[in-house]
Amino acid sequence: PHRETRASRTPALPSPASRGGAEFRSEDTDAPTSASRTPPSERGYDSRSQGTDPRRRSSDGGGPAPRVSFSFPVPRVSLTRGAVASPMSNGKLRSCDVYIGFHGQGAPLARFCRWLKAELELQGIAAFTADRARYSGAHSHEIADRIICSAAFGIVVVTTSGFLNPFVLEEIRFFAQKRNLVPILFDTRASDIAGLFDGKPEDKEGMEAFEGLMRCHELKLETDESSWRRCVSTAVTVLQSKLGRGTIAEKESEGTEGLPFPRNRHFIGREKELAEIEGMCFGCAGEVEDVECPGGSTMLNCVSSGVSDGGFADEDSDRVRTSSGRFGSLELHKCKRPVLEASVDPAIDLSAAKGIGLLKQRSKLRKSRFRCNSKDHGNGNVVCINGISGIGKTELALEFAYRYSQRYKMVLWIGGEARYLRQNILNLSGYLGLDISAEAEREHGRIRSFEEQELDAFQRVKRELFRDVPYLLIIDNLESERDWWEGKDLQDFIPRNTGASHVVVTTRLPHFMNLEPIHLPQLSFHDAMVLIKGKKKKDYPPEELEVLKKFDEQLGRVSFGLWLVGSLLSELMIDPGILLEAVERVSLNENMIVFCSGDDNLWQNNLFLIKVLVFCFALMDQVKGGSLALRMITVGSWLAPSPMSSTLLAAMASKLPTKANSIQLLSESLKAALLCGTHCFLQPQARKAEVESAHLLVKLGLARKTTQRPGCWIQFHPIVQLFGKISGSLAPASAAVSGVIRTGNMSIYSDHMWASAFLLFGFKSEPPVVQLKPVDLVLFIKKIALPLAVQAFMAFSRCGSALELLKVCTNILEDAEKSVASRIQDLKQGSLCWKKKLRTDNHVDEFVWHEMALLKATLLETRAKLLVRGGLFDSGEELCRTCISIRTVMLGHDHAQTLAAQETLAKVVRYRSKI
């Protein structure tokens with residue numbers, strides 16, 4: 001409880017925020033400075049000054065014992081009192097709800113405290129974080145002390161190495177006496193801390209702090225690197241309840257909702273690369289830290305927010321770094337060039353105290369794991385993994401995400417394919433809880449341009465993603481650093497300083513953001529042999545091991561090829577020699593070789609991998625029940641590189657003739673050897689045919705299961721998807737578009753709807769691949785293209801893309817309308833006998849032409865409404881008048897649709913006059 005005293009009526013000096021030289025957060029403090037403040041030399045400590053006692057001060061050869069109270073001008077707050085007097089009673093001082101204190105070396109501890117502070121502030125709980133042992137300025141200590149006394153609750157993050165620090169002991173005793181202590185044991189246990197006092201019964205302050213720590217058993221939390229997220233969530237929930245802020249019920253999650261695939265249980269090798277990525281993201285033992293002074297300026301070895309005034313990480317943030325053995329001066333006006341004090345962290349006498357936990361911690365940090373010896377790859381917050389197709393880049397990123405998911409609030413995964421990257425980035429708003437939909441037309445008395453609206457949507461995602469709350473963003477298979485739609489650089493979205501978040505990019509590009517990528521080499525021979533043996537890890541005799549070595553050599557030790565062969569061996573249950581003979585008998589079509597060599601260097605240098613894929617395709621074509629699987633993979637290759645449901649794949653495959661994709665490359669004599677074990681991996685038809693076919697593709701290693709949606713969803717490997725396109729004709733592309741029309745669902749198939757639009761319309765300089773009949777074209781635009789454009793504009797502020805799609809639809813529709821009208825005219829001018837024969841077709845064409853004209857009017861009206869949102873009134877008015885003319889001719893003046901278009905035109909005119 002706080003008691004008001006006469007000191008609270010003392011006129012306050014200007015707030016620290018008004019002082020020149022450093023900026024202070026308003027919620028931190030508004031306390032005056034003190035002329036009688038204890039000098040910083042008396043607040044420090046040095047393990048070398050008074051024997052082996054680490055808690056004595058380093059002041060002129062042996063000053064007084066460590067202080068046991070917070071110093072203020074009047075009155076002096078003592079830890080021995082039952083009630084605590086507040087030096088000030090203004091609102092700003094009481095605005096800090098939670099104080100977070102810690103002391104220790106290493107970036108993980110500071111990262112955890114920053115995360116905890118950011119999560120509390122997200123819930124409306126004002127928090128302040130400090131490592132007071134690293135403060136050297138009197139004013140900095142003054143502010144921290146006042147915040148401690150005004151805080152409603154105190155969180156002390158306790159480590160074994162930092163528990164005996166005088167400031168940590170002081171904070172624990174103070175908050176424990178007020179009964180508002182929330183201790184968090186960080187990478188330690190209560191028994192490890194108790195071991196520090198063995199043989200030292202005279203350490204009354206330490207024992208008192210330890211007893212206060214144990215009394216908080218209801219609020220005490222423990223965490224290590226495998227439970228950071230759980231601990232932060234629990235701490236926030238407890239403080240919300242204690243402060244009466246109202247706990248928002250959220251489901252307990254593992255933070256991997258954004259990952260599209262389950263964890264690979266057969267992941268092998270890559271420990272060196274994983275350790276290197278870990279070292280770049282989290283640092284290693286003895287790494288430097290970023291800190292901030294109580295005023296908010298970035299300083300040495302204390303908690304740094306890494307957040308600019310705009311609310312997101314700024315690449316120009318003033319950061320200073322120092323080694324973790326010393327701390328720097330926090331005097332005001334010295335934030336950019338701190339003066340290093342001649343003080344070191346207190347050493348713990350392990351000979352007297354059995355610091356078992358500390359020994360374990362230091363032993364753990366001393367493990368090299370290649371971290372400190374790794375190459376400098378530029379920005380540690382952005383990691384680029386480079387390698388050829390199929391080498392295992394995606395698997396490495398996926399394993400890193402699952403292994404270190406607890407260190408992030410959430411893991412987010414997006415595809416880096418050029419056409420879909422822009423939408424994939426905006427889709428992150430759903431996971432981040434953002435609303436980036438198109439706002440009202442006016443902003444401060446003016447209409448924002450489309451460029452401003454799109455930029456604002458990206459900036460909102462960027463601000464939320466790159467700040468003190470840690471997220472892991474994985475961009476898989478990045479094709480280009482520039483946006484396919486606008487040509488903008490990806491660096492505009494990913495800043496140099498990503499705050500607490502990390503970005504992992506997998507790509508075949510040689511360079512990314514001027515960073516030196518981690519080039520992924522081939523697997524070691526031992527790991528390659530484990531991978532090629534498949535899921536069952538069968539022990540083969542020496543002669544069969546030699547055959548596996550031949551597979552390894554001819555595949556170039558590409559991880560995808562090794563896994564493919566291992567899957568065939570496991571599912572077919574045949575010897576490697578028989579499989580090698582069957583694959584070597586496969587003959588390739590010359591046209592296929594030409595297509596493959598011109599598309600990717602992988603095909604040109606690895607024709608044996610093409611033979612393995614042809615063998616898999618032919619296997620499905622010959623096996624009972626495998627024909628549907630082959631058709632599913634052939635049509636699915638033309639859609640977006642994202643998960644597909646078995647329902648969608650079956651709908652597309654049903655539009656493809658059964659023999660349209662058969663690959664007749666195997667001789668009759670080979671079929672007996674080919675089918676010698678195929679019955680073993682085909683299970684009885686206990687489920688639907690499309691589900692069984694999807695599982696067959698997964699078993700053969702051609703696809704993998706996805707976890708983001710319920711039901712049977714799979715995603716093809718990029719190599720398989722590329723091979724499926726070049727191995728067949730254009731008939732599967734038409735079947736894919738027809739299947740999307742049949743099962744189009746905006747909420748789950750938006751990527752594939754865009755892919756079908758690319759196939760049908762073509763964008764920029766790319767020609768269309770598919771041509772539909774007029775009636776199917778009308779159906780596609782009405783059911784797929786028009787809703788897709790409206791959703792892109794309204795829900796994701798993709799103004800340019802939406803308008804471009806509507807414009808292309810209008811142009812295609814006009815050409816088709818002219819073609820149908822010309823056909824109708826020809827039929828009317830033909831002979832009487834010909835007219836009677838084609839009378840039915842004439843009626844159909846007239847109906848289609850009528851629908852085309854009305855659909856064109858709808859497209860024009862929709863474009864007009866969207867153009868007005870960007871201030872293009874002239875263009876919108878022109879399109880509205882054209883729409884009215886069409887509907888007047890087709891429907892009449894008094895029709896509801898004509899009147900609606902007239903009302904739209906009236907609104908455009910009125911709105912323009914107001915603006």
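Residues numbered from 1 in each chain as written. Predicted model: local features only at pLDDT ≥ 70, side-chain atom pairs only at ≥ 80, totals over all residues. Heavy atoms only, no water.

Within an unreviewed UniProt entry, the label attached to the protein reads AAA+ ATPase domain-containing protein, and the organism entered is Aegilops tauschii subsp. strangulata.

Before going further, it helps to spend a moment on the nonpolar core. Grouped together as the largest cluster of nonpolar side chains are 133 residues, with contacts concentrated most on M620, L702, F761 and F780. Each of two domains, domain 2 (382–519) and domain 3 (772–914), supplies a minimum of three residues to this core. Each residue touching F780, except ones within four places of it in the same chain, is listed here: V737, I741, S756, A757, L760, F761, L772 and A785. Counting residues in hydrophobic clusters, the runner-up holds 58 residues, among them C231, L239, A457 and V461. (Core = buried A, V, L, I, M, F, W, Y, C linked by side-chain atoms within 4.5 Å. Buried < 20%, exposed > 50% of the residue type's maximum accessible area, 1.4 Å probe, protein only. Domains from an automatic or database assignment. Contact = heavy atoms within 4.5 Å.)

Before going further, it helps to spend a moment on unusual backbone geometry. A positive phi angle, close to 60 degrees, is found at N477, a residue other than glycine. Of note, N477 is situated in strand β18 (residues 471–478). On the basis of relative accessible area, N477 is assigned to the buried category, the value being 15%. Even without being a glycine, S797 presents a positive backbone phi close to 55 degrees. Residue position: S797 is located in the loop between α28 (774–796) and α29 (799–828). (Helix = DSSP H or I, 4+ residues; strand = E, 2+ residues; numbered from the N terminus.)

For the rest of this paragraph, the subject is the pattern of salt bridges. One pass over the structure, following the stated rule, counts 31 salt bridges. Among the ionic contacts, a cluster of salt bridges with common partners joins R132, D145, E170 and E171. (Salt bridge = Lys/Arg side-chain N within 4 Å of Asp/Glu carboxyl O.)

On to the pairing of strand β15 (residues 410–415). In summary, the side chains of a regular strand alternate between the two faces of the sheet. Burial of β15 is extensive: six of the six residues sit out of reach of the surface. Every second residue of β15 is oriented toward a common face, with M410, L412 and I414 on one face and V411, W413 and G415 on the other, all of them buried. Here β15 runs beside β18; their pairing, made up of six bridges, is parallel. Residue pairing for β18: I414 is matched across the bridge by I475. (Pairing = 2+ DSSP bridges.)

If you trace the backbone, P768 turns up in the loop between α27 (750–761) and α28. Given a relative accessible area of 43%, P768 falls into the partly exposed group. Separated by 11 residues in sequence, P768 and A757 place their C-alpha atoms 9.1 Å apart. Residues within four places of P768 in sequence aside, it is in contact with L759, L760, F761 and G762.

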